[in-house]
Amino acid sequence: MRTRSAGARGGTHEPIRTCIGCRTRTWAADLLRVVAEDGSRAVPDPRRRRPGRGAWLHPDPVCLRSAERRRAFSRALRVQGQLDSKTVQAYVEQVAHEQADARVSRARQLKEAGRPVMNQP
C-alpha cells in the first residue's frame, strides 16, 4: 500500500486505493467507501466508519455504472451473488447534483462580480 508523505496534501500519511469502477489508483480521500450490508445490498460509507470490508469508488455516475456492469461490488466485497446498489446510486446522484449546483453557483458569483467565467456549463 502506498501512502502520501507529509506536505503533499497537508496530512501525514494517506493511503492510496483503487476505484472499482474505473480501476484508477488515487487518494482514499477522493473516493467513496462502500460496504455490504446484510450480504444483499451495497451501502455508501462516506464517514468510513461502518464495519466490514470496504470497496472504493469515485462518487461519479460513470464509475458507478462501470462497477455495476462489471459486477465489481460483489467481487470487491467478497459477497456471493449480486448486490443491490440502489442506495449507492442515490448517494452518487446526490453528490453529482450538489457538485453541479456548486459549479453553477460559483459561475453566477463570478459573473455578478464582473469576472470572466471560463468553461461555463
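For the structure, check the block above.
A brief structural summary. What you see is a predicted model; the values in this text were computed from it and never measured. (Residues numbered from 1 in each chain as written. Predicted model: local features only at pLDDT ≥ 70, side-chain atom pairs only at ≥ 80, totals over all residues. Heavy atoms only, no water.)

**What to know about empty space enclosed by the protein**
Link 1 in the chain: As enumerated under the stated definition, the model contains one cavity of 30 Å³ or more in all.
Link 2 in the chain: Within this model, the largest cavity holds a volume of roughly 50 Å³.
Link 3 in the chain: Forming the boundary of the largest cavity are Ala67, Glu68, Arg71, Ala72, Phe73, Ser74, Gln82, Leu83 and Ser85.
Link 4 in the chain: The set of elements that each furnish at least two residues to the lining of the largest cavity consists of helix 1 (61-69) and helix 2 (72-76).
Link 5 in the chain: Counting residues per element, the lining of the largest cavity draws most heavily on helix 2, which supplies three residues.
Link 6 in the chain: Along the lines of polarity and charge, the residues of the lining of the largest cavity split into four nonpolar, three polar and two charged. (1 Å grid on protein atoms, 1.4 Å probe; cavity = no way out; pocket = protein on both sides within 12 Å on 5 of 7 lines; lining within 4 Å. Points joined across faces, edges and corners; volume = space filled by probe spheres on them. Helix = DSSP H or I, 4+ residues; strand = E, 2+ residues; numbered from the N terminus. Nonpolar A, V, L, I, M, F, W, Y, C, P; charged D, E, K, R; others polar.)

**Brief notes about the pattern of salt bridges**
Link 1 in the chain: Per the stated rule, a full pass over the model turns up three salt bridges.
Link 2 in the chain: The shortest N-O distance in the salt bridge between arginine 41 and glutamate 37 comes to 2.2 Å.
Link 3 in the chain: For glutamate 37, the salt bridge is made with arginine 50, and the minimal N-O distance between the two is 2.7 Å. One end of the pair, glutamate 37, is in strand 4 (residues 32-37); the other, arginine 50, is in the loop between strand 5 (41-44) and strand 6 (54-57), and 13 residues separate them in sequence.
Link 4 in the chain: On the basis of relative accessibility, which here comes to 37%, the residue arginine 50 falls in the partly exposed class.
Link 5 in the chain: Look at the salt bridges and you will find they share partners, linking Glu37, Arg41 and Arg50 into a network. (Salt bridge = Lys/Arg side-chain N within 4 Å of Asp/Glu carboxyl O. Buried < 20%, exposed > 50% of the residue type's maximum accessible area, 1.4 Å probe, protein only.)

The analysis is restricted to geometry; functional conclusions fall outside its scope.
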